[in-house]
Amino acid sequence: MRLVVLSDLNPIRFPGAASIAFGLAQEAKEENDVEFWCADSKGGQSSDPDEVAKRIREISDNRIQKMEGNLLQRFYFEILGFRECYWLYRQIKEFQPTHVWIHQIGSRFPKSIIPLLKFLKIPVVVTIHDFSLIFNRKLYPADVNFSDDQTSLSFRERMNVGFYLSAQKDERRLLLNVRRKLVLFLYSFADQIICISDLQASVLKKIGLQVNGVLPNGTKKCDCKLDSKLGDSKFNILFAGRPNAKGLELLLEATKKNTDAHLHLAGGLRLVELAQEILENDRFTYHGLLSADEIAKLLHQVQLVSVLSQCFDVYPTITIEALSHKIPVLTTNLTGNSNLVTKLFDSLVINYGQIPDLKQVQEVLSNSKLIFPEIITVKDSWKSYKSIFNQTS
């Protein structure tokens with residue numbers, strides 16, 4: 001099989017869905033001819049013999065700003081994006097893949113590539129990592145009308161999804177509705193559509209997407225030789241990623257109240273700006289943008305990872321990475337893998353919007369024998385996908 005794994009972002013610079021996709025590409029490379037294609041402001045190609053060959057579509061910072069501009073511009077680049085589509089077409093003609101595996105597209109590569117691949121008679125498998133088919137933003141509890149008096153926990157079991165666009169201007173509502181219908185149409189050309197959590201699949205089915213299966217993301221098994229923490233005198237907590245709707249503000253407030261807590265931030269400079277608004281500089285350490293391997297090393301230097309999602313978070317990568325490294329996670333009931341944390345200790349899953357009591361969490365971790373759940377590995381995930389690709393041949 002000649003396989004292309006396609007994702008918007010460069011996994012080296014943007015851990016998350018892109019790094020999950022790249023890990024799966026690495027696993028597939030053991031038996032197949034595989035390339036990983038992505039976009040970045042730094043273009044070029046990589047053909048390191050120890051990893052999957054990468055083709056990187058170079059996109060200028062100015063064009064990226066346009067892609068992330070107003071709603072109409074984002075709509076154009078998400079659906080059409082002629083330059084990016086033409087670049088993909090030329091790469092396909094050169095590499096001649098037998099299959100294409102799409103992970104996260106729409107912000108750099110257009111979704112119209114799916115029917116184009118169908119026209120070229122190349123089977124397409126799509127793995128969806130978020131809720132971007134519904135909105136080109138996060139999905140929040142306020143976006144959902146519940147059918148009864150149950151709390152958001154019942155979201156996983158029974159749903160009556162009603163997206164209240166009526167509060168927005170008519171033109172915006174019309175454009176969002178047109179966008180959603182177009183996206184559903186484009187995705188209908190895929191041979192297989194896979195979700196990564198039951199929570200996500202139940203939402204997307206409600207808006208009319210044909211979901212073929214649910215396969216949770218896997219992660220690497222911990223083979224680190226590191227086991228030392230950053231000193232026992234402090235309660236070291238890691239926040240990794242972008243701050244939008246991840247509960248960083250709640251974590252900062254909780255850290256301010258607990259003088260034993262020391263926060264470690266991994267991500268963009270916006271994390272520092274937010275931290276400085278609430279904490280003194282000696283209460284946190286900023287590590288910058290880290291690769292997946294660097295995150296793995298940092299995990300062994302903290303006692304807790306924070307994933308206090310305030311939106312419906314499909315399957316946070318950092319949660320499974322932390323649990324794989326035997327590091328506890330503090331999360332909310334809006335994450336698609338909170339059930340893994342519940343197996344560890346149910347009090348580590350709190351209601352969204354709640355400021356955690358870090359002193360109490362510290363006591364729980366100190367006085368409890370934690371038995372970490374089994375986490376699906378990347379190898380396990382690839383075995384499941386391998387059978388899917390065999391069905392689409």
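Residues numbered from 1 in each chain as written. Predicted model: local features only at pLDDT ≥ 70, side-chain atom pairs only at ≥ 80, totals over all residues. Heavy atoms only, no water.

Student: Requested: an account of the overall build of the protein chain, with residues and values cited.
Tutor: A count of helical and extended segments in the protein chain gives 14 helices and 14 strands. Residue pairs at least 24 apart in sequence account for 66% of intrachain contacts in the protein chain once pairs closer than 6 positions are excluded. When the accessible surface of the protein chain is totalled, it reaches about 18,300 Å², and 49% of it is carbon and sulfur. (Helix = DSSP H or I, 4+ residues; strand = E, 2+ residues; numbered from the N terminus. Contact = heavy atoms within 4.5 Å. Areas by Shrake-Rupley, 256 points an atom, 1.4 Å probe, with all protein chains shown as cover.)

Student: Can you lay out the packing of helix H1 (residues 17–28) against helix H14 (residues 378–392) for me, pointing to particular residues and giving the numbers?
Tutor: One can describe the packing of H1 onto H14 by two numbers: an axis separation of 9 Å at closest approach and a directional angle of 70°. On the basis of the axis angle, H1 is roughly perpendicular to H14. Contacts between H1 and H14 pair Gly23, Leu24, Glu27 and Ala28 from the former with Val378, Lys379, Ser381, Trp382 and Tyr385 from the latter. When grouped by side-chain class, the residues that make up the contact of H1 with H14 number five nonpolar, two polar and two charged. (Axes fitted to C-alpha atoms, helices over the stretch in contact; angles between N-to-C directions. Parallel < 35°, antiparallel > 145°, perpendicular 65-115°, else oblique. Nonpolar A, V, L, I, M, F, W, Y, C, P; charged D, E, K, R; others polar.)

Student: Go over the pattern of salt bridges, please, and point to the residues and values.
Tutor: Scanning the entire structure with this criterion turns up 14 salt bridges. Taking the shortest distance from any N to any O, the salt bridge between Arg55 and Glu35 comes out at 2.4 Å. Taken as a pair, Arg55 in strand S4 (residues 53–58) and Glu35 in strand S2 (residues 33–40) lie far apart in primary sequence, 20 residues in all. We note that Arg55, like Glu35, is buried. For the salt bridge of Glu78 with Arg179, the shortest nitrogen-to-oxygen distance reads 2.8 Å. Note that Glu78 is positioned in helix H3 (residues 71–79) and Arg179 in helix H6 (residues 170–187), a separation of 101 residues in sequence. Glu78 gets classed as buried once you look at its relative accessible area, which sits at 5%. When salt bridges with common partners are traced through the structure, they connect Glu35, Arg55 and Glu94 into a single cluster. (Salt bridge = Lys/Arg side-chain N within 4 Å of Asp/Glu carboxyl O. Buried < 20%, exposed > 50% of the residue type's maximum accessible area, 1.4 Å probe, protein only.)

Student: How would you sum up the sheet that holds strand S14 (residues 349–350)? Please name residues and give values.
Tutor: In space, the six strands of this open sheet follow the order S11-S10-S9-S12-S13-S14, with parallel pairing throughout. Strand pairing shows two members of the sheet lacking a second neighbour, strand S11 (284–286) and S14, which therefore form its edges. Contacts from helix H8 (residues 248–257) reach strand S9 (235–240), strand S10 (261–266) and strand S12 (304–307) within the one sheet, and its direction differs from that of S10 by about 155°. Against the sheet, helix H9 (residues 270–278) engages S9, S10 and S11, with an angle of about 165° to S11. (Pairing = 2+ DSSP bridges.)

Student: Outline the nonpolar core, supporting the account with residue identities and numerical values.
Tutor: Ranked by size, the top nonpolar core spans 121 residues in total, and within it Ile102, Tyr187 and Leu204 carry the most contacts. Discounting chain neighbours no more than four positions away, the residues touching Tyr187 are Ile105, Lys111, Ile114, Val126, Ile128, Leu133, Ile193 and Leu209. (Core = buried A, V, L, I, M, F, W, Y, C linked by side-chain atoms within 4.5 Å.)

Student: Can you break down unusual backbone geometry residue by residue, with the values?
Tutor: One non-glycine residue with positive phi stands out, namely Gln96, at about 55°. You can see Gln96 is positioned in the loop between helix H4 (82–95) and strand S5 (99–102). Relative accessible area serves as the criterion here: at 47%, Gln96 is assigned to the partly exposed category. The backbone of Ala245 shows a phi angle near 60°, a positive value even though the residue is not glycine. Mapped onto the secondary structure, Ala245 falls in the loop between S9 and H8.

Student: Residues and numbers for empty space enclosed by the protein, please.
Tutor: For the structure shown, the criterion picks out two cavities of 30 Å³ or more. In this structure, the largest cavity encloses a volume near 40 Å³. For the second largest cavity, the calculated volume is near 30 Å³. Around the second largest cavity, the lining residues are Val4, Leu6, Trp37, Leu88, Ile92, Val100, Ile113 and Leu117. (1 Å grid on protein atoms, 1.4 Å probe; cavity = no way out; pocket = protein on both sides within 12 Å on 5 of 7 lines; lining within 4 Å. Points joined across faces, edges and corners; volume = space filled by probe spheres on them.)

Student: Go over the layout of surface pockets, please, and point to the residues and values.
Tutor: Its boundaries defined by the atoms lining it, the second largest pocket holds a volume of some 780 Å³. Of all the secondary-structure elements, those providing two or more residues to the lining of the second largest pocket are H1, helix H10 (292–299), helix H11 (317–324) and H14. Considering only residue class, the lining of the second largest pocket consists of 10 nonpolar, nine polar and eight charged.

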